[in-house]
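So you can see what is in the structure, the chains are spelled out below.
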Amino acid sequence: MPQTIYDKIWNDHLVHQQEDGTSLLFVDRHLIHEVTSPQAFEGLRNSNRKVRQPFFNFSSSRSQCSNNG
């Protein structure tokens, strides 16, 4: 059966899959957002893990703009 583009990308980035289906993927780019990134980095700190390649992080300081006035 042919694979979808989603399946191809997933399989190309799959590092390990557990018996229960939980998957570890290699992500080669990170988009850092001011709202959710602090929780993500706190999770890394709490599990004693580091960002593998911090120079592949891209950030935005603001993604929402008010339309009032």
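Residues numbered from 1 in each chain as written. Predicted model: local features only at pLDDT ≥ 70, side-chain atom pairs only at ≥ 80, totals over all residues. Heavy atoms only, no water.

### A few points about the layout of surface pockets
Move 1: Space inside the largest pocket adds up to approximately 510 Å³.
Move 2: Taken together, 19 residues form the lining of the largest pocket, with His30, Leu44, Lys50, Val51 and Arg52 sitting closest to its centre.
Move 3: For the lining of the largest pocket, the element with the highest residue contribution is helix α2 (residues 37–46), accounting for four residues.
Move 4: Residues that form the lining of the largest pocket fall into these classes: 11 nonpolar, five polar and three charged. (1 Å grid on protein atoms, 1.4 Å probe; cavity = no way out; pocket = protein on both sides within 12 Å on 5 of 7 lines; lining within 4 Å. Points joined across faces, edges and corners; volume = space filled by probe spheres on them. Helix = DSSP H or I, 4+ residues; strand = E, 2+ residues; numbered from the N terminus. Nonpolar A, V, L, I, M, F, W, Y, C, P; charged D, E, K, R; others polar.)

### Let's talk about unusual backbone geometry
Move 1: You will see that asparagine 48, though not glycine, has its phi angle at about 55°, which is positive.
Move 2: The exposed category is assigned to asparagine 48, whose relative accessible area is 73%. (Buried < 20%, exposed > 50% of the residue type's maximum accessible area, 1.4 Å probe, protein only.)

### Description of the pairing of strand β1 (residues 14–17)
Move 1: As paired strands, β1 and strand β2 (residues 23–25) are joined by three bridges and run antiparallel to one another. Considered in β2, the bridge of glutamine 17 is made with serine 23.
Move 2: Between the antiparallel neighbours β1 and β2 lie five residues, among them glycine 21 with a positive phi of about 95°. (Pairing = 2+ DSSP bridges.)

### What about the environment of valine 15?
Move 1: Within the secondary structure, valine 15 is located in strand β1.
Move 2: For the pair formed by valine 15 and phenylalanine 26, sequence separation is 11 residues and the distance between their alpha carbons is 6.3 Å.

### Some details on the packing of aromatic side chains
Move 1: On inspection of all chains with the given rule, the structure shows two aromatic pairs.
Move 2: Between phenylalanine 55 and phenylalanine 56, the ring centres sit 4.9 Å apart and the planes meet at 50°, which makes this aromatic pair tilted.
Move 3: In this structure phenylalanine 55 comes out as exposed when scored by relative accessible area, which is 60%.
Move 4: By relative accessible area, phenylalanine 56 is classed as partly exposed at 24%. (Phe/Tyr/Trp six-rings, centres within 6.5 Å; stacked < 30°, edge-to-face > 60°.)

### Section: the environment of phenylalanine 26
Move 1: On the secondary structure map, phenylalanine 26 appears in the loop between β2 and β3 (30–33).
Move 2: Non-local contacts of phenylalanine 26, meaning those with residues more than four positions away in its chain, are made with His13, Val15, Arg52 and Gln53. (Contact = heavy atoms within 4.5 Å.)

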